[in-house]
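Results of the structural survey
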Amino acid sequence: MEQQEALRKIITTLAMKNEEIQSFIYSLKQMLLNVEANSAKVQEDLEAEFQSLFSVLEELKEGMLMKIKQDRASRTYELQNQLAACTRALESSEELLETANQTLQAMDNDQPWAPAQRLVTMAPAFRLSLKAKVSDNMSHLMVDFAQERQMLQALKFLPVPSAPVIDLAESLVADNCVTLVWRMPDEDSKIDHYVLEYRRTNFEGPPRLKEDQPWMVIEGIRQTEYTLTGLKFDMKYMNFRVKACNKAVAGEFSEPVTLETPAFMFRLDASTSHQNLRVDDLSVEWDAMGGKVQDIKAREKDGKGRTASPINSPARGAPSPKRMPSGRGGRDRFTAESYTVLGDTLIDGGEHYWEVRYEPDSKAFGVGVAYRSLGRFEQLGKTAASWCLHVNNWLQVSFMAKHANKVKVLDAPVPDCLGVHCDFHQGLLSFYNARTKQVLHTFKTRFTQPLLPAFTVWCGSFQVTTGLQVPSSVRCLQKRGSATSSSNTSLT
């Protein structure tokens, strides 16, 4: 039995080897066909290039010959006109000379000689220039193609461009933009453009061969740097590589590099939301029928579609260690008049920034942060466990900062998009007009527990944008102390 089993393994191994050989033979045959097709193509391209070169030379030759002919015709015309004028002047002078001699012989001393003298003086020969109007020298139309001949003799096939080198010291990640800078190891005047590829990843270090995210391609880059703008940093890192291309062929990709793209990324935790809030990823809509509860139960029951808490979203890769456990359970769901939903990622240090756009027709809307211990009946800003900006469009419009049931009315236009900046260690929570980066209000306090992004809406909707870095303008405002100057100490 052992011998039979060993023989079966050998037979299986040999069969697999035969399949590999057959596949390789097919590849070789395909390569032979490709060699024929590709050689025919490059031969056709070469003949077309030389024909184009011949055409250029022929056009230059025709132009230069035309210039010589025009110059010859112009000089011939001038010299012929001058020759004709001289010939006529000579014939006239000879006639006058003969007439003058005859007159001189026939005159006696008593006859006046002035008329004869005047006649001779008027001879055209005296007014004639004896200098040629043009030169017979045509040396200005000579050519010397020695340098061009050397250039033509130096013609050869286009070399494959070298792989560029990405300059990490000059590259920059800021404001959800990435500026990548590279250089060529050797000067190459034949390079026509560059191709940049990038992809998102959650893995530090060299790019892996197998990665869920595809390479994104940017072609036709003419300079040795490029800035990607408006990125959403929903993963921890980005891989980059670049290659150079001439008119005929692309070179090898550069050694890929990995840049860290730090940003605050979270999802809305649907398991915390009030039953009248319909949560879809980062969007929330008021649902007077309270259908969200049944929807979650149905999804949990059949295991299909999205999970109740989107913390396992494939775009995020491995869950963050700060991510809040998904099962708060129905007991902890916000209820009564606390139309609230929390984010799913804890803030326990550093600086973080996110934005939220709310429907202007919403009757009430609030955004801020809260301790995880915020009670299920507690509304944002009405206890010491939460801080928020609140917009009320019901009965009368009000825009206010709220904390521990204390309120400060804000004297500023209500923007449709709010930016939230939380500096946990400095105890700063600032709100901005997301478009203009105008500071609306800053809470200054000491956070004693980890925080969660918190939102509330009544009869309306809102959309959250995460994966954002702290804008440079916000950092500058904080450094200058502009943010803290607007704090209301009574609300801290």
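In this text the structure is predicted, and so the values were computed from the model without any measurement. (Residues numbered from 1 in each chain as written. Predicted model: local features only at pLDDT ≥ 70, side-chain atom pairs only at ≥ 80, totals over all residues. Heavy atoms only, no water.)

Let us now look at a negative patch on the surface. On the surface, E91, E94, E95 and E98 cluster together to form a negatively charged patch. On the secondary structure map, E95 appears in helix α1 (residues 2-106). Of the residues examined, E95 reaches a relative accessible area of 54% and is grouped as exposed. (Patch = residues over 30% accessible without salt bridge, like charges linked within 9 Å, V, L, I, M, F, W, Y side chains within 5 Å. Areas by Shrake-Rupley, 256 points an atom, 1.4 Å probe, with all protein chains shown as cover. Salt bridge = Lys/Arg side-chain N within 4 Å of Asp/Glu carboxyl O. Lys, Arg positive; Asp, Glu negative; His and termini not counted. Charge placed at Lys NZ, Arg CZ, Asp CG, Glu CD. Helix = DSSP H or I, 4+ residues; strand = E, 2+ residues; numbered from the N terminus. Buried < 20%, exposed > 50% of the residue type's maximum accessible area, 1.4 Å probe, protein only.)

A full pass over the atoms with the stated rule returns 14 salt bridges. Among the salt bridges present, the one from D192 reaches R222, with a minimum N-O distance of 3.1 Å. Pair noted here: D192 is in the loop between β3 (177-183) and β4 (193-201) and R222 is in the loop between β5 (216-221) and β6 (225-228), with a separation of 30 residues, a long-range link. On the basis of relative accessible area, D192 is assigned to the partly exposed category, the value being 23%. A relative accessible area of 53% places R222 in the exposed class. Across the salt bridge formed by R357 and D416, the nearest N and O atoms sit 3.6 Å from each other. Remark: D416 occurs in the loop between β17 (406-409) and β18 (417-423) and R357 occurs in strand β13 (residues 351-358); sequence separation between them is 59 residues.

The side-chain alternation of strand β8 (residues 257-260) yields one buried face, formed by V257 and L259, and one unburied face, formed by T258 and E260. Note: strand β7 (residues 237-245) against β8, four bridges, orientation antiparallel. Bridge pairing links F240 to V257 in β8. (Pairing = 2+ DSSP bridges.)

This part is about the sheet that holds strand β9 (residues 268-269). Pairing in this open sheet of seven strands is antiparallel, and the strands run β9-β12-β21-β14-β15-β16-β17 from one edge to the other. Edge positions in the open sheet fall to β9 and β17, since each of these has one partner strand only.

So, about the packing of aromatic side chains. Applying the stated criterion to the full structure yields 16 aromatic pairs. Between F264 and W354, the aromatic rings sit 5.5 Å apart at their centres with planes inclined by 55°, giving tilted as the arrangement. A residue pair is termed long-range when its members are at least 10 positions apart, and F264 in the loop between β8 and β9 and W354 in strand β13 qualify at 90 residues. For F264, a relative accessible area of 5% gives the class buried. The buried category is assigned to W354, whose relative accessible area is 0%. Taken together, a centroid distance of 5.2 Å and an interplanar angle of 85° make the contact between W387 and F447 edge-to-face. Placement of W387 in strand β15 (residues 386-392) and of F447 in the loop between β20 (439-444) and β21 (451-458) is noted, with a sequence separation of 60 residues between them. Neither W387 nor F447 differs from the other in exposure class; each is buried. Members of the aromatic cluster, each reached through a chain of ring pairs, are F264, F266, W354, Y358, F365, F455 and F462. Geometry around F253 places R241 over its ring, the cationic atom sitting 4.2 Å from the centre. (Phe/Tyr/Trp six-rings, centres within 6.5 Å; stacked < 30°, edge-to-face > 60°. Lys NZ or Arg CZ within 6 Å of the ring centre and 35° of its normal.)

In this section: the sheet that holds β5. Pairing between the strands of a sheet comes from backbone hydrogen bonds, and it takes one of two forms, parallel or antiparallel. The strand order across the open sheet built from four strands is β5-β4-β7-β8, with neighbouring strands paired in antiparallel fashion. Whereas interior strands pair on both sides, the edge strands pair on one side only; in this sheet they are β5 and β8. The sheet shows a mean angle of 25° between the axes of neighbouring strands, taken without regard to direction. (Axes fitted to C-alpha atoms, helices over the stretch in contact; angles between N-to-C directions.)

It is worth spelling out the environment of N81 at this point. For N81, the position within the fold is in helix α1. Spatially, the C-alpha atoms of N81 and K133 are 9.7 Å apart, while their sequence positions differ by 52 residues.

This brings us to the environment of R75. Position of R75 among the secondary structure elements: in helix α1. By relative accessible area, which is 16% here, R75 ends up buried. When the C-alpha positions of R75 and K133 are compared, they lie 8.7 Å apart, and in sequence the two are 58 residues distant. With sequence-adjacent residues up to four places away left out, R75 is seen in contact with V134, S135, D136, N137, M138 and H140. (Contact = heavy atoms within 4.5 Å.)

Once that is clear, we can look at the side chain of H390. Tracing the chain through its elements places H390 in strand β15. You can call H390 buried: its relative accessible area is 13%. Excluding its chain neighbours within four sequence positions, the residues that come into contact with H390 are A364, F365, G366, S398, F399, M400 and K402.

Below, the discussion takes up the nonpolar core. In this structure, L268, W354, F455 and F462 are the most contacted members of the largest nonpolar core, which totals 49 residues. Residues V178, Y198, M238 and V242 belong to the second largest nonpolar core, which totals 20 residues. (Core = buried A, V, L, I, M, F, W, Y, C linked by side-chain atoms within 4.5 Å.)

Another aspect to go through is unusual backbone geometry. One non-glycine residue, N405, adopts positive backbone phi at about 65°. Mapped onto the fold, N405 is located in the loop between β16 (398-403) and β17. Residues other than glycine seldom take positive phi values, yet K437 does so here, at roughly 60°. In this structure, K437 sits in the loop between β19 (428-433) and β20.

For the protein, the mean per-residue pLDDT works out to 86, and 87% of the residues sit at or above 70. A low-confidence stretch, residues 303-321 (pLDDT under 50), is modelled with 28 contacts involving residues beyond four sequence positions or located in other chains. For the stretch residues 482-490, pLDDT sits under 50, and the model shows 17 contacts to residues farther than four places along the chain or on other chains. (pLDDT = per-residue confidence, 0-100.)

In this section: the pairing of strand β11 (residues 283-286). Here β11 shows a clear split, with V284 and W286 buried on one side and none of S283 and E285 buried on the other. Pairing between strand β10 (residues 277-280) and β11: four bridges, direction antiparallel. What sits directly across from V279, in β11, is V284. Counted along the chain from β10 to the antiparallel partner β11, the turn is two residues long, and its residue D281 has a positive phi close to 60°. Sheet topology note: the β11/strand β22 (residues 461-468) ladder contains three bridges and is antiparallel. Within β22, the residue paired with E285 across the bridge is S461.

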